[in-house]
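What follows is each chain in one-letter form.
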Amino acid sequence: MAFPEPKPRGPELPQKRLKTLDCGQGAVRAVRFNVDGNYCLTCGSDKTLKLWNPLRGTLLRTYSGHGYEVLDAAGSFDNSSLCSGGGDKAVVLWDVASGQVVRKFRGHAGKVNTVQFNEEATVILSGSIDSTIRCWDCRSRKPEPIQTLDEARDGISSVKVSDHEVLAGSVDGRVRRYDLRMGQLFSDYVGSPITCICFSRDGQCTLVSSLDSTLRLLDKDTGELLGEYTGHKNKEYKLDCCLSERDTHVVSCSEDGKVFFWDLVEGALALALPVGPGVVQSLAYHPMEPCLLTAMGGSIQCWREETYEAEGAPG
């Protein structure tokens with residue numbers, strides 16, 4: 001007689017606070033994992049960018065070169081480069097190891113809200129309050145962008161990149177997807193200023209957060225509304241949202257000091273995680289594991305699942 005296979009364990013949510021790091025860089029405007037989730041970047045209102053090992057709580061390097069607060073950053077696929085954008089309207093390409101500025105790209109007419117590398121880290125895409133996305137060639141000495149996408153009618157709040165498409169969210173209430181293979185632009189109207197957009201990890205859906213305190217899951221190809229997620233508060237700040245590492249949960253910052261997790265399929269609230277008394281400014285979800293980073297005030301918090309045991313901890 002064969003025994004039935006044990007049921008696979010359901011996804012665990014990161015709700016155990018492992019560490020709080022005081023970043024020492026004013027208000028932390030954004031926190032971002034690197035490509036493999038071993039390191040993270042914090043963007044400070046004191047003009048610095050810092051690289052950490054978040055589980056150990058160690059500061060690895062500080063990057064100074066912006067003229068005003070840093071608002072977003074991203075790491076390259078091979079961990080050799082960083083890009084960042086900020087209130088000084090500049091986009092900066094950094095060498096990770098030396099901490100030096102490799103290039104500083106100027107051309108935006110307002111603060112830069114969002115930056116991303118393409119897959120090969122040969123191009124940086126930057127989205128600005130000036131309502132444009134600019135594409136900068138990391139290998140060229142030319143000062144001007146190789147392309148400017150100016151279809152938005154208001155500021156660009158969020159940009160994400162896949163191997164052949166650019167996804168952009170704007171304060172004009174539209175999600176725009178540029179299909180680079182087809183040379184086509186697709187646009188979906190949400191109706192409320194968009195604060196953050198992202199692809200699902202399987203690439204089939206887009207998640208959109210907006211200032212009506214609602215997240216929407218859209219079918220990437222058809223624009224069909226697949227789900228709505230509410231209960232958090234997002235009326236005035238640009239807050240991050242994302243999907244968990246296995247696309248099982250929708251995750252969002254909130255202005256009431258919590259991070260909200262919803263079941264992606266059911267739409268039901270699974271967890272409201274209390275972080276602290278202020279606005280949860282930013283979050284980052286580990287690419288492979290149930291590990292969450294949150295930013296509030298001048299510090300970041302590292303969260304893992306309840307069953308997690310830190311290396312070297314008593315078993």
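Just so you know, these numbers come straight off a predicted model, no measurement behind them.

K.L.:
It is not clear to me how the overall build of the protein chain should be interpreted in this structure. Could you clarify?
P.N.:
Broken down by element type, the protein chain carries zero helices and 28 strands. Here the protein chain has a C-alpha radius of gyration of 19 Å; the compact-globule value for 315 residues is 20 Å, and the two agree. Expressed as lengths along the three principal axes of its C-alpha atoms, the size of the protein chain is roughly 70 × 45 × 45 Å. For the protein chain, long-range pairs separated by at least 24 residues make up 43% of all intrachain contacts whose partners lie at least 6 apart in sequence. About 14000 Å² of surface is accessible on the protein chain, with carbon and sulfur atoms providing 49% of the total. Of the charged side chains in the protein chain, 35 are positive and 42 negative, and the gap between their average positions amounts to 6 Å.

K.L.:
How should I be thinking about the sheet that holds strand β14 (residues 156–161) in this particular structure?
P.N.:
Strand pairing in a sheet takes place through backbone hydrogen bonds and is either antiparallel or parallel in direction. An order of β14-β15-β16-β17 is seen for the four strands of this open sheet, with the pairing classed as antiparallel. The outermost strands of the open sheet, each flanked by one partner alone, are β14 and β17 (184–189). Between one strand axis and the next, the sheet turns through 15° on average, direction left out of account. The sheet contact formed by β14 and strand β15 (residues 165–170) spans five bridges and is antiparallel. For Val161, the partnering residue across the bridge sits in β15 and is Val166.

K.L.:
Explanation requested: the pattern of salt bridges in the structure shown.
P.N.:
As a working rule, side chains carrying opposite charge can pair if their charged atoms are close by. Tallied over the full model, the rule gives 15 salt bridges. Here Glu165 makes a salt bridge to Arg177, at a shortest N to O gap of 3.1 Å. Of the two residues, Glu165 sits in strand β15 while Arg177 sits in strand β16 (residues 174–179), which places them 12 residues apart along the sequence. Assessed through its relative accessible area of 2%, Glu165 is described here as buried. On the basis of relative accessibility, which here comes to 6%, the residue Arg177 falls in the buried class.

K.L.:
Before we go on, may I ask you to explain the nonpolar core in this structure?
P.N.:
If you look at soluble globular proteins, the nonpolar side chains tend to sit buried side by side. Residues Val251, Val259, Phe261, Leu273, Leu283 and Leu292 are the most contacted members of the largest nonpolar core, which totals 17 residues. Counting only elements with at least two residues in this core, the list comes to β23 (249–253), β24 (258–263), β25 (269–274), β26 (282–285) and β27 (291–296). Not counting the four nearest positions on each side in its chain, Leu283 is found in contact with Val31, Arg32, Asp240, Cys242, Val251, Ser252, Cys253, Val259, Leu292, Leu293 and Thr294.

K.L.:
Before we go on, may I ask you to explain the UniProt feature "repeat: WD" (unreviewed entry) in the protein chain in this structure?
P.N.:
According to UniProt, the "repeat: WD" (unreviewed entry) feature falls on residues 21–62, 63–104 and 105–137. Its end C-alpha atoms 15 Å apart, residues 21–62 is made of 0% helix and 57% strand. A distance of 10 Å separates the end C-alpha atoms of residues 105–137, which is 0% helix and 58% strand.

K.L.:
Help me understand the side chain of Thr214, please; the structure alone is not making it clear to me.
P.N.:
In this fold, Thr214 is placed in strand β20 (residues 214–219). Engagement of the side chain of Thr214 in a polar contact is seen with the backbone oxygen of Asp212, the distance being 3.1 Å. Dropping the residues within four chain positions of it, Thr214 is found in contact with Val208, Ser209, Glu228, Tyr229, Thr230 and His232.

K.L.:
Even after reading the chapter, I still don't get the sheet that holds strand β19 (residues 205–210), so can you show me in this structure?
P.N.:
Pairing is antiparallel across the open sheet formed by four strands, whose spatial order is β18-β19-β20-β21. Pairing within the sheet leaves two strands with one partner each, and these edge strands are β18 (194–199) and β21 (225–230). Neighbouring strand axes in the sheet, compared pairwise and without regard to direction, differ in orientation by 15° on average. As paired strands, β19 and β20 are joined by six bridges and run antiparallel to one another. Bridged to Leu207 within β20 is Leu217.

K.L.:
What exactly am I supposed to notice about the state of the cysteines here?
P.N.:
Structurally, a disulfide amounts to a covalent bond that connects the sulfur atoms of two cysteines. Evaluated as defined, the whole model comprises zero disulfides. With no disulfide of its own, Cys23 lies closest to Cys40 among cysteine sulfurs, the gap being 7.4 Å. Of the residues examined, Cys23 reaches a relative accessible area of 2% and is grouped as buried. Not part of a disulfide, Cys135 finds its nearest cysteine sulfur in Cys138, a span of 11 Å.

Here is what the cut-offs are and how they apply
- Residues numbered from 1 in each chain as written.
- Predicted model: local features only at pLDDT ≥ 70, side-chain atom pairs only at ≥ 80, totals over all residues.
- Heavy atoms only, no water.
- Helix = DSSP H or I, 4+ residues; strand = E, 2+ residues; numbered from the N terminus.
- Rg over C-alpha atoms; globule rule 2.2 N^0.38 Å.
- Contact = heavy atoms within 4.5 Å.
- Areas by Shrake-Rupley, 256 points an atom, 1.4 Å probe, with all protein chains shown as cover.
- Lys, Arg positive; Asp, Glu negative; His and termini not counted.
- Charge placed at Lys NZ, Arg CZ, Asp CG, Glu CD.
- Pairing = 2+ DSSP bridges.
- Axes fitted to C-alpha atoms, helices over the stretch in contact; angles between N-to-C directions.
- Salt bridge = Lys/Arg side-chain N within 4 Å of Asp/Glu carboxyl O.
- Buried < 20%, exposed > 50% of the residue type's maximum accessible area, 1.4 Å probe, protein only.
- Core = buried A, V, L, I, M, F, W, Y, C linked by side-chain atoms within 4.5 Å.
- UniProt positions renumbered as here; feature names shortened; annotations may be inferred.
- Polar contact = N/O pair within 3.5 Å; in protein donor to acceptor, adjacent residues only side chain to side chain.
- Disulfide = S-S within 2.5 Å.

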